[in-house]
Amino acid sequence: MAFFRKNYQGKTDEELMLLLTEREQQAFDELYARYSKSMLNFFFRMLNFDREKAEDMLHDLFLKIIEKPHLFDSSKTFSTWIFCIAHNMVKNEYRNQQVRTEYKNYQTFSQEQTITSVDKIDKDLFHQKLHAELEKIDAELRTLFNLRFTEEMSIKQIAEILECPEGTVKSRLFYLTKNLSTKLFLFKPEK
């Protein structure tokens, strides 16, 4: 009966994980509602825009959480912990199926397309080149890029997810952005 249902929306993620260890189904439902969209987007970007594979990974992630909630590391925030698990899943996927070598250009421009905005063309070309350059770099660095610039996470959160010092994260970000900016600056569209 809905009359006796507990309110889980006011609880923190960490409190919900504690309730999940006690097999509270509604706690899991609330965590899924909070994180499923952002985790799906993370997997989607990290798996070369393969929606089906991203959805599979999302289901596997939440299956791990519901089957083994006792593995939650209470020294971390839940959001950091779930991204850490997702990051490891993506690394394993890269290793097992070599997803990086199967990169496809998700958008090509044909002569039949009518595009009225030069800015849109420039922006699309830039994004294509950026994605192509990101595809060439190491999976760890690509994850670093996505966590910082797409997920907009702090240096501290990224350091926890990647399990390395904050100084290392800052250094890698500096050299990564410097390298990318050099390659993107030299980019000249073909005519």
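Calculation criteria
- Residues numbered from 1 in each chain as written.
- Predicted model: local features only at pLDDT ≥ 70, side-chain atom pairs only at ≥ 80, totals over all residues.
- Heavy atoms only, no water.
- Axes fitted to C-alpha atoms, helices over the stretch in contact; angles between N-to-C directions.
- Helix = DSSP H or I, 4+ residues; strand = E, 2+ residues; numbered from the N terminus.
- Left-handed = near helix turned anticlockwise from the far one by under 90°.
- Contact = heavy atoms within 4.5 Å.
- Nonpolar A, V, L, I, M, F, W, Y, C, P; charged D, E, K, R; others polar.
- pLDDT = per-residue confidence, 0-100.
- Patch = residues over 30% accessible without salt bridge, like charges linked within 9 Å, V, L, I, M, F, W, Y side chains within 5 Å.
- Areas by Shrake-Rupley, 256 points an atom, 1.4 Å probe, with all protein chains shown as cover.
- Salt bridge = Lys/Arg side-chain N within 4 Å of Asp/Glu carboxyl O.
- Lys, Arg positive; Asp, Glu negative; His and termini not counted.
- Charge placed at Lys NZ, Arg CZ, Asp CG, Glu CD.
- Buried < 20%, exposed > 50% of the residue type's maximum accessible area, 1.4 Å probe, protein only.
- Core = buried A, V, L, I, M, F, W, Y, C linked by side-chain atoms within 4.5 Å.

**Student:** What am I meant to see in the packing of helix H2 (residues 25-46) against helix H3 (residues 51-67) here?
**Tutor:** Helix packing for two helices is described by the angle between their axes and how far apart those axes are. Between H2 and H3, the least distance of the axes is 9 Å, while the angle of their chain directions is 145°. The element H2 and its partner H3 pack so that their crossing is right-handed. On H3, the residues that touch Gln25, Phe28, Leu31, Tyr32, Tyr35, Ser36, Met39, Leu40, Phe43 and Phe44 of H2 are Arg51, Ala54, Glu55, Met57, Leu58, His59, Leu61, Phe62 and Ile66. Looking at the contact of H2 with H3 residue by residue, the class counts come to 14 nonpolar, three polar and two charged.

**Student:** Could you clarify how one ought to interpret the confidence of the model for the protein chain in this entry?
**Tutor:** When pLDDT is averaged along the protein chain, the result is 82; 82% of the residues meet or exceed 70. Helix H5 (residues 118-136) is the least confidently modelled element of the protein chain, averaging 76 in pLDDT, while H3 averages 95, the highest of any element. Considering only residues more than four positions removed or in separate chains, one finds that residues 102-115, a stretch of pLDDT under 50, has 17 contacts.

**Student:** For this particular structure, what's the right way to read a negative patch on the surface?
**Tutor:** On the surface, a cluster of negative charge is contributed by Asp50, Glu52, Asp56 and Asp60. Tracing the backbone shows glutamate 52 in helix H3. Look at glutamate 52 and you get exposed, because its relative accessible area is 58%.

**Student:** Sorry if this is basic, but what is going on with the nonpolar core here?
**Tutor:** Nonpolar side chains in soluble globular proteins tend to end up buried together. Among the nonpolar cores identified, the biggest contains 44 residues, and Met39, Phe42, Phe43, Leu61, Ile65, Phe78 and Ile82 are the most heavily contacted of them. Within the residue set of this core, elements represented by two or more residues are helix H1 (13-21), H2, H3, helix H4 (78-97), helix H6 (139-150), helix H7 (155-162) and helix H8 (166-185). Residue contributions to this core peak at ten residues, all from H4. When neighbours within four sequence positions are excluded, phenylalanine 43 is seen to be in contact with Ala54, Met57, Leu58, Leu61, Ala86, Met89 and Val90.

**Student:** What should I look at first to understand the environment of proline 69 in this one?
**Tutor:** With respect to the element layout, proline 69 can be found in the loop between H3 and H4. Setting aside its immediate chain neighbours within four residues, proline 69 contacts Met17, Leu20, Thr21 and Arg23.

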